[in-house]
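Analysis of the macromolecular model
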Amino acid sequence: MNSYDIAVLAGDGIGPEVVEATLAVLRKVDARHSLGLGFTELRAGAFAYRDTGTDLSDEVFDRARKADAILLGAMGWPGIRHADGTELAPQITLRQRLDLFGGVRPIRAIPGVPLPLVDPRAAKIDFVILRESTEGLFFSKDKGVVTRDQAEETLRMTRGTSLRLARMAFDLAGQRARRLGRSGRVTLVDKANVFRAFAWLRQIFQEVAVDYPEVRHDAAYVDAMALDLIRRPWDFDLLPTENMFGDILSDLAAGLIGGMGFAPSADLGEGHAVFQPSHGTAPDIAGKGKANPTATILSAAMMLEWLAMRDAGDAMAEAAQEIRAAVDAAFSEGLRTADIGGTSGTAEATRAVLSALR
Ligand SMILES: NC(=O)c1ccc[n+]([C@@H]2O[C@H](COP(=O)([O-])OP(=O)(O)OC[C@H]3O[C@@H](n4cnc5c(N)ncnc54)[C@H](O)[C@@H]3O)[C@@H](O)[C@H]2O)c1
């Protein structure tokens, strides 16, 4: 039996709660399909920093780098900060050090989950934000220059990463088009009306679009997109964007499908990948058993799919599909987590998904 080493970084706040739920689901599909998953739990995060002086030790980083995939809960805690006032964010350090440029963030309406938009077309929401996750304004992390009279942060994009992001966007749109039986569409989200860097990024996307004649291609300004994601989110397919824009639009988009507890993500590079919910450590509900584990469970399904694409076998892809179907079945059959006005906490939601796993 093959063996796949999954580094597990549960992190802070609700991170360990949603990871525990997800490991239960992964163990069940592993037993059924003999996937050969092995889990190595590692400590990193804001509380690790408080206790040990480092949020991501070299040893933990090295162990995670050598794993076949990394499953992450969430990290950071508002009360634990650097002297400059910023928070600990080892999840961002991981993206930068492992060159995980492609933040894939699917936004899909799960059948049965009440949606905030009253338009019945909201049930068809199914798009992906592709957040560039190593550059953009986040290039400036820990590099900002602040004096008494001025504060300056620098946005940077490189041609190499922008080309890889564009190709990833068109490849993903092509894969989705085949799976969903519809034509694919890539809409670059930028601010090319004001900034030269974004006009330059548009040109890079146009260069790459030539190689994908079967995928429609256009672009939109980020402010207009914020409006359109509320007005007509069902119209979009693949939305590549700069790091900071993707960070903000991801939360807005999660709001369309029930909240952060429903928004999974995968940070992909060429050799490594981190799978984690789009949400943070939710200090307001941490330790109360109320966290919705769905986003992390769906992130784990993305992890199995990614392993399958890297030759881990069809059983991984089948297990991923089963997890997604179980989540859909659980909510269709009445599961209502606390974040959508229900009474089910983390443990009950996990049990519902486990029992829906066919
Ligand atoms: N990737 C990460 O690890 C990550 C991402 C974002 C924020 N953070 C950190 O998390 C901390 C809290 O940040 P925040 O409050 O801005 O964002 P957050 O995503 O933690 O919480 C935003 C809101 O969504 C709710 N929420 C989030 N996940 C939920 C879940 N699974 N189930 C039910 N409700 C959920 C929270 O209760 C809160 O009301 C900060 O320290 C921040 O730096 C970490």
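Residues numbered from 1 in each chain as written. Predicted model: local features only at pLDDT ≥ 70, side-chain atom pairs only at ≥ 80, totals over all residues. Heavy atoms only, no water.

1. Re the overall build of the protein chain
Within the protein chain, the secondary structure is distributed over 11 helices and 12 strands. Rg of the C-alpha trace for the protein chain: 20 Å, near the compact-globule value of 21 Å for 358 residues, within the 12% margin. Each of the three principal axes of the protein chain carries a C-alpha extent, and together these read 50 × 50 × 45 Å. In the protein chain, which comprises 358 residues, the proportion classed as buried is 54%. Considering only residue pairs separated by 6 or more positions, the protein chain has 76% of its internal contacts joining residues 24 or more positions apart. Surface summary for the protein chain: the accessible area is close to 15,700 Å², and the carbon and sulfur share equals 51%. (Helix = DSSP H or I, 4+ residues; strand = E, 2+ residues; numbered from the N terminus. Rg over C-alpha atoms; globule rule 2.2 N^0.38 Å. Buried < 20%, exposed > 50% of the residue type's maximum accessible area, 1.4 Å probe, protein only. Contact = heavy atoms within 4.5 Å. Areas by Shrake-Rupley, 256 points an atom, 1.4 Å probe, with all protein chains shown as cover.)

2. Considering helix α1 (residues 15–33)
For α1, spanning 19 residues, the distance from its first C-alpha to its last is 26 Å, which sits close to the expected 27 Å at 1.5 Å a residue. Where α1 is concerned, the buried positions are Gly-15, Glu-17, Val-18, Val-19, Ala-21, Thr-22, Leu-23, Val-25, Leu-26, Val-29, Asp-30 and His-33. Lining the buried residues of α1 we find β1 (4–11), β2 (37–42), β3 (69–74), α9 (294–312), α10 (314–332) and α11 (346–356). A positive backbone phi angle near 50° is found at Ser-34, which sits one or two residues after α1. (Expected span 1.5 Å × (residues − 1).)

3. A word on helix α6 (residues 196–209)
Compared with the 20 Å implied by 1.5 Å per residue over 14 residues, the 20 Å span of α6 between its first and last C-alpha is a close match. For α6, the full list of buried residues reads Phe-198, Leu-201, Ile-204, Phe-205, Val-208 and Ala-209. All buried residues of α6 project into a common sector of 140° when viewed along the axis, lining one side. Considering only its buried residues, α6 is in contact with α5 (159–180), β8 (185–190), β9 (216–221), β10 (238–241) and α8 (243–256). (Arc of directions from axis to C-beta.)

4. Concerning empty space enclosed by the protein
This model, assessed by the stated rule, comprises one cavity of 30 Å³ or more. Lining the largest cavity are Glu-132, Glu-135, Gly-136, Met-157, Ser-162, Leu-165, Leu-201, Thr-241, Glu-242 and Asn-243. The residue inventory of the lining of the largest cavity, partitioned by class, reads three nonpolar, four polar and three charged. (1 Å grid on protein atoms, 1.4 Å probe; cavity = no way out; pocket = protein on both sides within 12 Å on 5 of 7 lines; lining within 4 Å. Points joined across faces, edges and corners; volume = space filled by probe spheres on them. Nonpolar A, V, L, I, M, F, W, Y, C, P; charged D, E, K, R; others polar.)

5. Comments concerning the nonpolar core
Residues Leu-26, Phe-127, Phe-275 and Leu-304 are the most contacted members of the largest nonpolar core, which totals 94 residues. For this core, the element with the most residues is α9, which contributes 11 residues. A domain-level breakdown of this core finds at least three residues from each of domain 1 (1–106 + 259–358) and domain 2 (116–256). Leave out the neighbours within four places in its chain, and Phe-127 touches Arg-105, Pro-106, Ile-107, Arg-176, Leu-229, Pro-233, Phe-236, Asp-237, Leu-239, Ala-253 and Leu-256. Counting residues in hydrophobic clusters, the runner-up holds 16 residues, among them Ala-44, Phe-61, Ile-70 and Leu-72. (Core = buried A, V, L, I, M, F, W, Y, C linked by side-chain atoms within 4.5 Å. Domains from an automatic or database assignment.)

6. A few points about the site of the ligand
Of all residues adjacent to the ligand, which total 22 residues, the nearest are Met-75, Glu-87, Gly-280, Ala-282 and Asp-284. Between Thr-281 and the ligand, the recorded distance is 3.0 Å, taken from a backbone N or O atom to an oxygen atom. Between the ligand and Asp-284 there is a distance of 2.8 Å, counted from an oxygen atom to a side-chain nitrogen or oxygen. The fraction of the free accessible surface of the ligand (810 Å²) that becomes covered by protein chains is 72%. (Near = heavy atom within 4 Å. Polar contact = N/O pair within 3.5 Å; in protein donor to acceptor, adjacent residues only side chain to side chain.)

7. A closer look at the pattern of salt bridges
Scanning all chains against the criterion turns up 26 salt bridges. Its salt-bridge partner being Arg-43, residue Asp-51 comes within 2.8 Å of it at the nearest N-O pair. Accessibility expressed as a relative area gives 44% for Asp-51, which makes it partly exposed. Residue Arg-65 is joined to Asp-62 by a salt bridge in which the shortest nitrogen-to-oxygen separation is 3.0 Å. Note that Arg-65 and Asp-62 are positioned in helix α3 (residues 58–66) at a spacing of three residues, about one turn of the helix. What you see here is one network of salt bridges that share partners, running through Asp-126, Arg-176, Arg-182 and Asp-237. (Salt bridge = Lys/Arg side-chain N within 4 Å of Asp/Glu carboxyl O.)

8. Observations regarding the sheet that holds β1
The strand order across the open sheet built from 10 strands is β2-β1-β3-β12-β11-β4-β5-β10-β8-β9, with neighbouring strands paired in mixed fashion. The open sheet terminates on both sides in strands that have one partner only, identified here as β2 and β9. Averaged over all adjacent pairs, the angle separating strand axes in this sheet is 25°, with direction ignored. Bridging between strand β4 (residues 102–108) and strand β5 (residues 126–132) involves seven bridges; their strand directions are antiparallel. Note on β5: the bridge partner recorded for Ile-107 is Phe-127. (Pairing = 2+ DSSP bridges. Axes fitted to C-alpha atoms, helices over the stretch in contact; angles between N-to-C directions.)

9. Side note on the pairing of β5
In the case of a regular strand, side chains alternate between the two sheet surfaces. Counting buried positions along β5 yields seven of seven residues, so the element is predominantly enclosed. Burial along β5 is two-sided: Asp-126, Val-128, Leu-130 and Glu-132 facing one way and Phe-127, Ile-129 and Arg-131 facing the other are all buried. Across four bridges, the pairing between β5 and β10 is parallel. Paired with Arg-131 across the two strands is Thr-241, which belongs to β10.

10. Side note on unusual backbone geometry
At Asp-99, a residue that is not glycine, the phi angle is positive and equals roughly 60°. Looking at the secondary structure, you find Asp-99 in the loop between α4 (90–97) and β4. Look at Asp-142: it is not a glycine, yet its phi comes out positive at around 70°. Within the fold, Asp-142 resides in the loop between β5 and β6 (145–146). Here Asp-142 falls in the exposed class, since its relative accessible area comes to 61%.

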